[in-house]
Every structure is written in structure tokens, then in C-alpha cells.
Amino acid sequence: MIGTACHGRPDPTNTCPPEKFKAMQLRNSAITLAAALALALPLSILAGEADLTVVAPYVRMVPPGTPNSAAFMTIANNGTSDRRLVKADSPVARAVELHSHTNEQGLMRMRQVSAIEVKAKSRTELKSGGYHVMLIDLQQSLMEGDTVPLTLTFDDGSIRKVDAPVRKPQAVLEAEQASAHGRH
Amino acid sequence: MPTRTLLMALIAALSAILILLAVFWEPLPPRPIARIAPHERLPAATAPPAGGEFTLQGAQGNVRLSDFRGKVVLIYFGYTYCPDVCPTSLSLLAQALSELAPDERERVQGIFISVDPERDTAARLQEYTPFFHPQIVGLSGTSAQIARVAEQYGSRYHKQTPDAEGRYAVDHSSATYVVDPQGRLSGALPHASTPAQIIAAVREQLASVASR
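Predicted, not measured: the structure shown is a model, and the values here were computed from it.

Draft legend 1. Highlighting the overall build of chain A. Counting secondary structure elements, chain A contains two helices and 10 strands. Tracing chain A from N to C terminus, the helices and strands come up as α-β-β-β-β-β-β-β-β-β-β-α. Here chain A, with 184 residues, has 40% of them falling under the buried criterion. Taking as baseline every contact in chain A between residues at least 6 positions apart, the subset at least 24 positions apart corresponds to 65%. For chain A, the computed accessible surface area is about 10,400 Å², with 57% contributed by carbon and sulfur atoms.

Draft legend 2. How the structure looks around the side chain of Arg160(A). All names here are of chain A. Residue position: Arg160 is located in strand S10 (residues 159-167). Classification of Arg160 by relative accessible area gives buried; the value is 19%. Engagement of the side chain of Arg160 in a polar contact is seen with the backbone oxygen of Leu52, the distance being 3.2 Å.

Draft legend 3. Here's a closer look at the pairing of strand S5 (residues 136-139) of chain B. Residue and element names in this part refer to chain B. In this structure, strand S4 (residues 108-114) lies alongside S5, joined through four bridges in parallel fashion. What sits directly across from Ile111, in S5, is Val137. One crossover worth recording links S4 to the parallel S5 by way of helix H4 (residues 122-132), and it is right-handed.

Draft legend 4. Focus on the interface of chain A and chain B. Listed by partner, the interface residues are 38 residues for chain A and 30 residues for chain B. Between chain A and chain B the total buried area reaches about 2,600 Å² when both faces are included, carbon and sulfur atoms providing 55% of it. Its largest share of buried area at the contact with chain B, chain A owes to Leu107(A), Met108(A) and Gln170(A), together 21% of the area lost on that side. In this structure, the connection of chain A to chain B is made through five salt bridges. Between Asp84(B) and Arg60(A) there is a salt bridge; the shortest N-O distance is 3.2 Å. The interface formed by chain A and chain B holds 16 residue pairs in polar contact (both at pLDDT 80 or more) in total. Looking at the side of chain A that touches chain B, the elements with two or more residues in it are strand S2 (69-77), strand S4 (93-104), strand S5 (107-112), strand S8 (132-138) and helix H2 (169-183) of chain A. In terms of residues, the side of chain A that touches chain B owes the most to one element, S4(A), which gives six residues. Across the side of chain A that touches chain B, the residue classes tally to 15 nonpolar, 14 polar and nine charged.

Draft legend 5. Layout of the confidence of the model for chain B. Residues and elements named next belong to chain B. Looking at chain B, the pLDDT average stands at 89 and 88% of residues meet or exceed 70. Counted against residues more than four places away or in other chains, residues 32-38, with its pLDDT under 50, gives zero contacts. What the predictor reports for the complex is a pTM of 0.75 with an ipTM of 0.71.

Draft legend 6. Just the nonpolar core, in detail. In terms of nonpolar packing, the biggest core is built from 55 residues, with Phe54(B), Ile75(B), Phe77(B), Ile113(B) and Tyr153(B) touching the most fellow members. If one sorts the elements of this core by residue count, helix H2 (residues 85-99) of chain B sits on top with eight residues. By size, the runner-up hydrophobic cluster in this structure holds 28 residues, among which are Leu52(A), Ala71(A), Val96(A) and Ala164(A).

Draft legend 7. View of the packing of H2(B) against helix H6 (residues 195-210) of chain B. Residues and elements named next belong to chain B. Packing of H2 against H6 leaves a shortest axis separation of 8 Å and a crossing angle of 60 degrees. By the angle between their directions, the pair H2 and H6 is classed as oblique. Every pair of crossing elements has a handedness; the one defined by H2 and H6 is right-handed. Side by side, H2 and H6 meet where Leu92, Leu93, Gln95, Ala96 and Glu99 of the first sit next to Pro195, Ile198, Ile199 and Arg203 of the second. Looking at side-chain class alone, the contact of H2 with H6 contains six nonpolar, one polar and two charged residues.

Draft legend 8. Representation of the sheet that holds strand S9 (residues 185-189) of chain B in the model. Residue and element names in this part refer to chain B. Judged by pairing direction, the sheet is mixed, and its five strands sit side by side in the order S5-S4-S3-S8-S9 without closing on themselves. Each edge of the open sheet carries a strand with a single partner, namely S5 and S9. Strand-to-strand twist of the sheet, defined as the mean angle between neighbouring strand axes without regard to direction, takes the value 25 degrees. Relative to strand S8 (residues 176-179), strand S3 (residues 72-78) is paired through four bridges, and the arrangement is antiparallel. By the bridge assignment, Tyr76 is partnered in S8 with Thr176. With respect to the sheet, H2 is in contact with S3, S4 and S5, its orientation differing from that of S3 by roughly 165 degrees. Against the sheet, H6 contacts S3, S4, S8 and S9, and its axis sits at roughly 140 degrees relative to S3.

Draft legend 9. Representation of the environment of Ser208(B). All names here are of chain B. Summarising the element assignment, Ser208 is placed in helix H6. Sequence separation between Ser208 and Ser193 is 15 residues, and the spatial gap between their C-alpha atoms is 21 Å. Polar contacts involving the side chain of Ser208 include one to the main-chain carbonyl oxygen of Gln205, which spans 2.8 Å.

Scoring rules and cut-offs
- Residues numbered from 1 in each chain as written.
- Chains lettered and ligands numbered in written order.
- Predicted model: local features only at pLDDT ≥ 70, side-chain atom pairs only at ≥ 80, totals over all residues.
- Heavy atoms only, no water.
- Helix = DSSP H or I, 4+ residues; strand = E, 2+ residues; numbered from the N terminus.
- Buried < 20%, exposed > 50% of the residue type's maximum accessible area, 1.4 Å probe, protein only.
- Contact = heavy atoms within 4.5 Å.
- Areas by Shrake-Rupley, 256 points an atom, 1.4 Å probe, with all protein chains shown as cover.
- Polar contact = N/O pair within 3.5 Å; in protein donor to acceptor, adjacent residues only side chain to side chain.
- Pairing = 2+ DSSP bridges.
- Right-handed = clockwise from strand over helix to strand, strands pointing away.
- Buried area = accessible area lost by both parts, 1.4 Å probe.
- Salt bridge = Lys/Arg side-chain N within 4 Å of Asp/Glu carboxyl O.
- Nonpolar A, V, L, I, M, F, W, Y, C, P; charged D, E, K, R; others polar.
- pLDDT = per-residue confidence, 0-100.
- Core = buried A, V, L, I, M, F, W, Y, C linked by side-chain atoms within 4.5 Å.
- Axes fitted to C-alpha atoms, helices over the stretch in contact; angles between N-to-C directions.
- Parallel < 35°, antiparallel > 145°, perpendicular 65-115°, else oblique.
- Left-handed = near helix turned anticlockwise from the far one by under 90°.

In C-alpha cells, the structure reads:
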């Protein structure tokens, strides 16, 4: 349509010959198809996102000048297929990795993992001593009250963006103790 | 019939071989059981750690364990690049210190010993530990000094291979060692001990002093 005088109909003045009109019709249907696809694609991603919920994310506040910290959260999967968290990104750190811990007879070993599984109709906790999103080489000091944008990518291509508040470790502890007391 | 006899003999011979194999054939040589050392001869590493005096570097110079005689001392080995385990343990320790009564708290000292002295200087530790609680002092030293103190207390650590950018983690024990007011190692609290458990251990030591 760009740079042509053809405006919709075959024109006897020959500014729009029938072959050109046909080509335009084809192009129009291609555009329609592309538009439909473009609409459908985010819809399918949205469907994936609706199944995945990130609950109570937070980043642990660390002493000033400390290069690394970690983000914790619970990921709930209400869908019918297993999902895997495969990547996390954040502008506050130079590198972001998924990590797990193992306690081997008292020796705490931290290792990078390629993915964190969230089974269908289940939830996976990223919590202290287990899985965490490690924020490496913090680009700025994280203070209480700040929020850290996190982008989580799953194996089906769906993406969840969350803003994780920075919390003092003792505030987290107290909240955990309070909720533990609440359950008694 | 010679053929029949021959066949019978062959069958008998083959059966005999089969039975012999079934009974005596061992695909692997028997394990030399006699070579396993008796229990008494196991290396002394299984003996309980002795604890005891040490001298390391604080931000204001040498710090000795005996500087805290009369106090219950809680010792934790970790490093400041540690993203999760150390902040968690120090927070639990800090919470315990905060929950103690002021007169009890005066008689308790926390010590954080770096197992990563390459990166953790005494000055860096002085920025790090007070964030958790002002009564936790951070100590560093030479690699040899740290290794000796860790061995004394039964703490293990293992530096991992650095990545392309030189970053590395250190695997380490995450116990909190409890030293009585006489400077003797009285026990170790396992990883993730709650503030209540830490407080109980502290009070037990304080009570044993009071009852004397």
C-alpha cells in the first residue's frame, strides 16, 4: 500500500490494474494473518502467566558494600503442566543466577542450577537455605523500602515481572516467627 | 553304541563344568576384608574438636578469644560474599542477642570468623557484622591462621573454583560454636538453630557460672 495510488478497487483508468489489485488482496490477507498471530501470541503467553503466580517476593537487605544478595519468593503453578523457572534478570545486579543449597553433613554447598521446577498444581518455595535467585555484583546499595524489579522467565517462554521489596533480615525473621505462632 | 556313550560323557562333563562354575566361580576377586583398619586406628579427625585460644585480626588489631573471658562466646565461620547462609545465621544470632535481657547480653559476645580472608579484610568485616548486631565482631587473618582456628573448632570450608570473572563461593560448615565463660568449647549449634535454641544454650552457660 505504501507508495501506490491503488485504493481498493480495480480501476479502469489503469492506475490499479487487476493483477496489482490481486497482489494487494493477498498482502491484505497476509497482514490480517500476521495481526491475528500477533494477537494470539501474547494471549497464549498470558494464559501461561495466569497459571503462574509469584507470591511474597523479597530481596534480603545486606550490609552496605556487600556485593551479593538474594531474592526469595513462592511460585505457585495452578496450571496442569509442570513449569520450570529457567532465568531471572534484574537491573540491580550485574549477574543473576538461580541457586540451590545442599547441606552435606553440616557443610553448606551452594550451586548454580539451570532451572527450578514448579510442578503442576503445586508451589515451589525459594527460601533461605534452599533455592534462591542470587543477585551478583549489586550495582547499588539496596535499602529498606527500595523495590527490586525482577523478570522471571519460564520454560514455556512466559514471563513474570515482579517488584520485590527489600527487607531487613530481622524483619523477615520476626514475620516468620509471628506467622509460626499464628499457626499454633 | 560308541556315539551314544560319547554323547553321555560329553553331557556329564559339561554338567560338571556348569556345576563347578556355579559353585566356585567368582566374577570378582574376594575383597581383602583383613585390610580394613580396625576402628581404633581411624584418624584422630573423629575426635571431638578441642576449641581453645586463638589470635586473629580485628579492625583495631589482634583479638584473642581470652579477651572475652567471663563471657559466653558464640563463634560462626562464614564469609561476606555469602548470599544466603551467612546472613541467615547472623540474623538468627542477632535476633537471639536482641531477645536476651540486657544483663545477660552484657555477658555474651558473637564472633564471625571469615573463611575467605583473601576478600574479607578486618576493615571490611567491621562494616559487615555490626549491621546484624553491634555485639558481633568480625575477625580475619592469614589463610594459615584461619585454617588452624577452623580445625580447632571442627569447622570445615572449601573454596570453589573461581569462574571466568574470578567470582567464587566457599562451601562451609554453618554451625555456631558455644564457648563457655572460661574459654572452653562446650558445643555446637547446628545450622538454622532458632533464636530460642541459641538463647537456651547461652542461658545454660550463664547458669553454670552462677551456680559455681
